[in-house]
Amino acid sequence: MQQTSIINPNWNFEDMGIGGLDSQFTVMFRRAFASRVMPIEIVEKLGIQHVKGILLYGPPGTGKTLMARKIGQMLEGREPKIVNGPEVLSKYVGEAEANIRALFEDAETEYKQKGEMSSLHIIIFDEIDAICKTRGTVNNGTGVNDSIVNQLLSKIDGVDSLNNILLIGMTNRPDMIDDALTRPGRLELKLEISLPDENGRLQIFQIHTKQMHDNDMLGADVDLKELAAMAKNYSGAEIAGVCRSAASYATNRCIKFEGKVEVKQEMIKDMKVEREDFMRAL
Ligand code: ATP
């Protein structure tokens, strides 16, 4: 029996480098992908369509882009196309609409040739709020925003037999998005990606210090649990930033910079990122 999408046999959630989002990833898989890994005959017997769109929303730096990209690694298929909402916009009339149409072209061509056996085309739309503002709210008198929203909706709906696309929209401002975009059949699965809790922060610290740890460059006095407890309200991106800064403090101990640069070779071989570096970074 053939499937529309095949799970990459080398894929493993643990290796994805995403901390604290296991439950969101599970929901996303179960809701949006279960039908895609079923044999086509079963999907046909059920008479259902695959989920075509997901909206990931939440504060900046919480791993929305990371999560969207990792889906592409989970399924054997094409590399996701990543577009940034504001980049689609254009000062030339009609060009934004044409940009949106172009995004779907490859998927449409392949679907015409291969039907259900076409590979999955994932389109990741960062800052989707920039192009899908609630219609009628952009008061520039041109109706340009409305026409862009309509174009995107018609691309999602117009391809109702096109079963090989998945659109993942991301936003920090779900309140600004036109409701029509998140109706069933469109970006129907809405998932909040919020700031990590303490356990999530611990996982994120583990991910971003793994290399230091494996290469014996993490000080014995570094207690990641302590750091996770201290980093309350930090996003994943901020935790990654803390680890980068701590490493930079450690490297700076080995460098003298007074008018000229002097690398203290004798210190490099024992260099470690210590607790005090993380404290400063935090
Ligand atoms: P924005 O809304 O600003 O676009 P985002 O939610 O899409 O932000 P990402 O771009 O995915 O955030 O995160 C930026 C970087 O922060 C990631 O590449 C990764 O290094 C780190 N990061 C963020 N969240 C996590 C996480 N949950 N686990 C591991 N690393 C994370």
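Because the structure is predicted, anything quoted here is derived from the model rather than measured.

Things to note about the overall build of the protein chain
The number of helices and strands found in the protein chain is 11 helices and 9 strands. Across its three principal directions, the C-alpha atoms of the protein chain cover 65 × 55 × 35 Å. Across the 282 residues in the protein chain, those meeting the buried criterion constitute 44%. Of the contacts made within the protein chain by residues no fewer than 6 positions apart, 78% connect residues no fewer than 24 positions apart. For the protein chain, the accessible surface area stands at approximately 15,000 Å², while carbon and sulfur atoms represent 49% of it. Seen as two clouds, the 34 positive and the 41 negative side-chain charges of the protein chain have centres 1 Å apart.

Topic: the site of the ligand
Around the ligand lies a shell of 17 residues, among which Gly19, Gly61, Lys64, Thr65 and Asn172 are the nearest. In this structure, an oxygen atom belonging to the ligand sits 2.8 Å away from a side-chain N or O atom of Lys64. Asn172 places a side-chain nitrogen or oxygen 3.0 Å from an oxygen atom of the ligand. Protein coverage of the free-state accessible area of the ligand, which is 630 Å², stands at 76%. Cavity membership is defined here by more than half of the atoms lying within 2 Å of grid points; on that basis the ligand lies in the largest pocket. Elements with a contribution of two residues or more to the shell around the ligand: α3 (64-74), α7 (198-214) and α9 (236-253). Top element by residues in the shell around the ligand is α3. It accounts for 3 residues.

Side note on the sheet that holds strand β7 (residues 189-192)
Read across the open sheet, the 5 strands follow the order β4-β5-β6-β2-β7; overall the sheet is parallel. Edge positions in the sheet fall to β4 (81-84) and β7, since each has one partner strand and no second. The average undirected angle you get between the axes of adjacent strands in this sheet is 20°. In this sheet, β7 lies alongside strand β2 (residues 53-57) in parallel orientation, the contact comprising 4 bridges. Bridging from a neighbouring strand, Ile54 pairs with Leu189 of β7.

Concerning the pairing of strand β6 (residues 165-171)
When you tally the buried positions in β6, you get 7 out of 7 residues, the bulk of the element. Both faces of β6 are covered, namely the face carrying Ile165, Leu167, Gly169 and Thr171 and the face carrying Leu166, Ile168 and Met170. Relative to β6, β2 runs parallel, the two being bridged by 5 bridges. Paired with Leu55 across the two strands is Gly169, which belongs to β6. Bridge analysis of strand β5 (residues 121-126) against β6 gives 5 bridges, and the strand direction is parallel. Considered in β6, the bridge of His121 is made with Ile165.

Describing unusual backbone geometry
Even without being a glycine, Glu127 presents a positive backbone phi close to 50°. You will see that Asn233, though not glycine, has its phi angle at about 70°, which is positive. With respect to the helices, strands and loops of the structure, Asn233 is situated in the loop between α8 (224-230) and α9.

So, the pattern of salt bridges
If charged atoms from side chains of opposite charge come close, those side chains can pair. Under the defined criterion, the tally for this structure stands at 9 salt bridges. One connected set of salt bridges, linked through shared partners, spans Arg253, Glu276 and Asp277.

Comments concerning helix α1 (residues 22-33)
With 12 residues, α1 ought to run about 16 Å at 1.5 Å a step, and its terminal C-alpha atoms sit 15 Å apart, in line with that. By the burial criterion, the buried members of α1 are Gln24, Phe25, Met28, Ala32 and Phe33. The arc that holds the buried residues of α1, viewed along the axis, is 105°, so those residues lie on one side.

Concerning the packing of α1 against α3
Close contact between α1 and α3 brings their axes to 12 Å; oriented N to C, the two are set at 55°. When the axes of α1 and α3 are compared, the pair comes out oblique. As α1 packs across α3, the resulting crossing turns out to be right-handed. Counting all contacts with α1, which are made through Gln24, Phe25, Met28, Phe29 and Phe33, the residues of α3 involved are Met67, Ile71 and Met74. In terms of residue class, the contact of α1 with α3 is made up of 7 nonpolar, 1 polar and no charged.

Criteria and thresholds
- Residues numbered from 1 in each chain as written.
- Predicted model: local features only at pLDDT ≥ 70, side-chain atom pairs only at ≥ 80, totals over all residues.
- Heavy atoms only, no water.
- Helix = DSSP H or I, 4+ residues; strand = E, 2+ residues; numbered from the N terminus.
- Buried < 20%, exposed > 50% of the residue type's maximum accessible area, 1.4 Å probe, protein only.
- Contact = heavy atoms within 4.5 Å.
- Areas by Shrake-Rupley, 256 points an atom, 1.4 Å probe, with all protein chains shown as cover.
- Lys, Arg positive; Asp, Glu negative; His and termini not counted.
- Charge placed at Lys NZ, Arg CZ, Asp CG, Glu CD.
- Near = heavy atom within 4 Å.
- Polar contact = N/O pair within 3.5 Å; in protein donor to acceptor, adjacent residues only side chain to side chain.
- 1 Å grid on protein atoms, 1.4 Å probe; cavity = no way out; pocket = protein on both sides within 12 Å on 5 of 7 lines; lining within 4 Å.
- Sits in = over half its atoms within 2 Å of the grid points.
- Pairing = 2+ DSSP bridges.
- Axes fitted to C-alpha atoms, helices over the stretch in contact; angles between N-to-C directions.
- Salt bridge = Lys/Arg side-chain N within 4 Å of Asp/Glu carboxyl O.
- Expected span 1.5 Å × (residues − 1).
- Arc of directions from axis to C-beta.
- Parallel < 35°, antiparallel > 145°, perpendicular 65-115°, else oblique.
- Left-handed = near helix turned anticlockwise from the far one by under 90°.
- Nonpolar A, V, L, I, M, F, W, Y, C, P; charged D, E, K, R; others polar.

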